[in-house]
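# Summary of the model geometry
These are the residues of each chain, in order.
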Protein chains: 2
Amino acid sequence: MNRRVTLAARPQGFPTESDFALDEVGVPGPGSGEVLVRVRYASIDPYQRGRMSEARSYAQPLEIGDVITSQSVGEVVESSDARFTPGELVVGQLGWQEYALARGGSLRRLPPGLEPPTLALHVLGATGLTAYFGLFDVGRPRAGDTVVVSGAAGAVGQIAGQLAKLAGCRIVGIAGGPEKARDLTELYRYDVAIDYKNEDVLEALRGEHVDMYFDNVGGGISQAVHRRLNIGARVVICGQVSQYNEPRPEPSFHPGLLIVFRARMEGFLINDYRHRFDEGVARLARWVANGDLRWQEDVTDGLENAPRGFIGMLNGANRGKALVKVG
Amino acid sequence: MNRRVTLAARPQGFPTESDFALDEVGVPGPGSGEVLVRVRYASIDPYQRGRMSEARSYAQPLEIGDVITSQSVGEVVESSDARFTPGELVVGQLGWQEYALARGGSLRRLPPGLEPPTLALHVLGATGLTAYFGLFDVGRPRAGDTVVVSGAAGAVGQIAGQLAKLAGCRIVGIAGGPEKARDLTELYRYDVAIDYKNEDVLEALRGEHVDMYFDNVGGGISQAVHRRLNIGARVVICGQVSQYNEPRPEPSFHPGLLIVFRARMEGFLINDYRHRFDEGVARLARWVANGDLRWQEDVTDGLENAPRGFIGMLNGANRGKALVKVG
């Protein structure tokens, strides 16, 4: 049987565990071109909150009863695609479930010996690639820039900051709580850490001239950073997690600021860089091998606990990339 | 004697005529490197409102008693700069006054025979260059794009739309009142005109996929356009005239929209393109000579009426570039 976590109800504001259901259905056999995968680890990410809302965004919303979508890593069990053989580890959009069917073309094989294989769900996967393309292609760092990252200890933020550091920038991270703030400077090599739960961000940024702001959170934290922009600043809109549980996101930005600072604010989606994933993974893998990129995982044990892990992540309880270990 | 319009009081909200004073002082002689100019026409522009506020922006605010800054065209009366001789027409930041002293290096000589010479204050001057660099360098039009311009009948908007048309775009203009809307399609070659005073902008844009939005106004009109952006849209922040009389501009934008549309919003200031003014003027002059660029002037007669012309422009009463004929 296949255990799955599905959407039981659309969350009203902040999600609760009753918005999710655990069910069991038969394990299907792969049709032509399909691959059956036994999931080992599934990803927990802020963007999943958006899929649970009815509002159309860049992706179709989930329907009630749908398996929660996620990137997952698993082992091929049965394959009707000649490119995959049983026992191989793959990553793909496999969801929060024990077994998943996928078209072979939608899967990527993990490099043999990748240890831990969960790297394919973060540093060498979606969140690492998000940091890579957002920072380099959208933000375009120049050595000597001051780069501020919000959600700096999160899955994307921890990598974005380190990439900016590798590009010769001075990096300032904003995160919630003293433990995360300590991670920023001690683990992720941030030059300055701001704990927004215990510091006034605007005050903490006094004297800073922010050349790039890599924004994962939006809301009031971002409003403070906007007031410290430098001439020619770039604001990379990667996420707005503070807004994801709002029924209607609050306008928080006055576009006239972009005139004052001759600044650019730009959003992006990682899927638009699909044709360059190999480039990104290759570079990230080199930095990982060198020891130049550090990361942390925050693993929830058991598929049935995925909703709790998800809610904890939205609350900022995780340290590092949130994952669920399946089965 | 030199008659001048000065700042009598900082406007509270919308300016009134009592915020300005008319005075007379002696005409100064030029010091070394200086040129004395008799002003013929002075420009009236929305950005002047910003200079009247105490808040520091990209430029220093005016002090009480200062002559209102403006681009003006005039005739050299006396010169201590060997590059200029009496009788020549020049343009520079000469202000709302009859006589102005300027450093020779800050003046540009008008091409001989330029008719009317006021072209140097709009199509071949600051507003034309603003449209040129904003549209081409910031907005980067591609043939086939749908380009929406707000303040489309204004001094910058009328040129920005026509430049987008020359670049092969479909152009949609937003302006206030039926006369301006008629100008858009009949004079400035807009494909679609929207009269925001008599139409719902969001509704009028139904079915449009906006590839570039050239924004002169901000506020509610812009909020409607933002909801019609296309994937990959560029939003050029040229001005935010709807906000200039607000004590504190209202946040009107949710940056998360830039993720949904993978869009870019960017502000600019024309002074940053100073090193390329010759390029811009040369191209604009060719289009003017070809008859490819049309314009309208709205001339207020008499320096003493400049404040009234300014207030009228902020109210949208002008049709075309607002100027004051001095003396």
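Residues numbered from 1 in each chain as written. Chains lettered and ligands numbered in written order. Predicted model: local features only at pLDDT ≥ 70, side-chain atom pairs only at ≥ 80, totals over all residues.

Scanning chain A from N- to C-terminus turns up 9 helices and 15 strands. Its C-alpha radius of gyration of 20 Å places chain A within 12% of the 20 Å reference for a compact globule of 327 residues. Its C-alpha atoms give chain A principal-axis dimensions of about 60 × 45 × 35 Å. For chain A, buried positions account for 51% of its 327 residues. Of all intrachain contacts in chain A linking residues separated by at least 6 positions in sequence, the fraction that spans at least 24 positions is 65%. (Helix = DSSP H or I, 4+ residues; strand = E, 2+ residues; numbered from the N terminus. Rg over C-alpha atoms; globule rule 2.2 N^0.38 Å. Buried ≥ 20, exposed ≤ 12 C-beta atoms within 10 Å, placed from the backbone. Contact = placed C-beta atoms within 7 Å.)

Moving on, we get to the domain arrangement of chain A. Residues and elements named next belong to chain A. Partitioning chain A into structural domains gives domain 1 (2-121 + 296-325) and domain 2 (126-271). Counting from both sides, the interface comprises 14 residues of domain 1 and, opposite them, 16 residues of domain 2. The set of elements that each furnish at least two residues to the side of domain 1 that touches domain 2 consists of α1 (47-51) and β15 (321-325). Here the side of domain 1 that touches domain 2 is built from residues that sort into 5 nonpolar, 6 polar and 3 charged. (Domains from an automatic or database assignment. Nonpolar A, V, L, I, M, F, W, Y, C, P; charged D, E, K, R; others polar.)

We now examine the relation of the copies chain A and chain B. In screw terms, the move from chain A to chain B is a rotation of 180° and a rise of 0.0 Å along the axis, fitting with an RMSD of 0.0 Å. On this basis, the relationship between the two copies can be described by a two-fold rotation axis. A share of 96% of interface residues in chain A that are also interface residues in chain B marks the association as one of identical surfaces. (Least-squares fit on C-alpha atoms with pLDDT ≥ 70 in both.)

This part is about the sheet that holds strand β10 (residues 192-195) of chain B. Two modes of strand pairing occur in sheets, parallel and antiparallel, and in both the strands are linked by backbone hydrogen bonds. Reading across the sheet, the 12 strands line up as β10(A)-β9(A)-β8(A)-β11(A)-β12(A)-β13(A)-β13(B)-β12(B)-β11(B)-β8(B)-β9(B)-β10(B) and stay open at both edges, with mixed pairing between neighbours. Pairing within the sheet leaves two strands with one partner each, and these edge strands are β10 (192-195) of chain A together with β10 of chain B. Going from strand to strand, the sheet's axes swing by 15° on average, the running direction of each strand aside. (Pairing = 2+ DSSP bridges. Axes fitted to C-alpha atoms, helices over the stretch in contact; angles between N-to-C directions.)

Moving on, we come to the interface of chain A and chain B. Counting residues at the interface gives 27 residues for chain A, matched by 26 residues for chain B. The set of elements that each furnish at least two residues to the side of chain A that touches chain B consists of α7 (257-260) and β13 (264-267) of chain A. The biggest single contributor to the side of chain A that touches chain B is β13(A), with 4 residues. Of the residues belonging to the side of chain A that touches chain B, the class tally is 14 nonpolar, 8 polar and 5 charged. With 3 bridges joining them, β13(A) and strand β13 (residues 264-267) of chain B adopt antiparallel strand pairing. The residue of β13(B) that forms the bridge with Arg264(A) is Glu266(B).

Attention now moves to helix α8 (residues 277-290) of chain A. All names here are of chain A. Compared with an ideal rise of 1.5 Å per residue, which puts 14 residues at 20 Å, α8 spans 20 Å between its outermost C-alpha atoms and is within 8% of the ideal. Contacts from the buried residues of α8 go to α2 (126-139). Positive phi appears at Gly-291, one or two residues downstream of α8, with a value of about 80°. (Expected span 1.5 Å × (residues − 1).)

Residues and elements named next belong to chain B. Burial runs high along strand β3 (residues 34-43): 7 of the 10 residues are buried. Looking at chain direction, β3 and strand β6 (residues 99-103) are connected through 5 bridges and run antiparallel. Bridging across to β6, Arg-38 finds its partner in Tyr-99. Relative to strand β4 (residues 72-79), β3 is paired through 7 bridges, and the arrangement is antiparallel. Along β4, the bridge assignment pairs Arg-38 with Glu-75. In this structure, β3 lies alongside strand β15 (residues 321-325), joined through 3 bridges in antiparallel fashion. Note on β15: the bridge partner recorded for Ala-42 is Val-324.

In a soluble, globular protein the nonpolar side chains are often hidden away together inside. In this structure, Val37(A), Tyr213(A) and Val37(B) are the most contacted members of the largest nonpolar core, which totals 194 residues. Apart from residues no more than four positions distant in its own chain, Tyr213(A) is found in contact with Val148(A), Val225(A), Leu229(A), Ala233(A), Val235(A) and Val236(A). (Core = buried A, V, L, I, M, F, W, Y, C linked by C-beta atoms within 7 Å.)

This part covers helix α9 (residues 306-314) of chain B. All names here are of chain B. Those residues of α9 not exposed but buried are Ala-306, Pro-307, Gly-309, Phe-310, Met-313 and Leu-314. The buried side chains of α9 occupy one side of the element, clustering within an arc of 160° when seen end-on. Where α9 is buried, its residues contact β1 (2-7), β2 (20-25), β3, α1 (47-51), β14 (297-301) and β15. Phi turns positive one or two residues past the end of α9, at Gly-316, with a value near 80°. (Arc of directions from axis to C-beta.)

Further remarks concern the packing of helix α2 (residues 126-139) of chain B against helix α3 (residues 155-166) of chain B. All names here are of chain B. Contact geometry for α2 and α3: axes closest at 8 Å, N-to-C directions at 45°. It follows that α2 is oblique to α3 by the angle criterion. Our pair here, α2 against α3, has a crossing hand that is right-handed. Along its contact with α2, which presents Thr-127, Gly-128, Thr-130, Ala-131, Tyr-132, Gly-134 and Leu-135, the element α3 presents Ala-155, Val-156, Ile-159, Ala-160, Leu-163 and Ala-164. Residues of the contact of α2 with α3, tallied by class, amount to 9 nonpolar, 4 polar and no charged. (Parallel < 35°, antiparallel > 145°, perpendicular 65-115°, else oblique. Left-handed = near helix turned anticlockwise from the far one by under 90°.)

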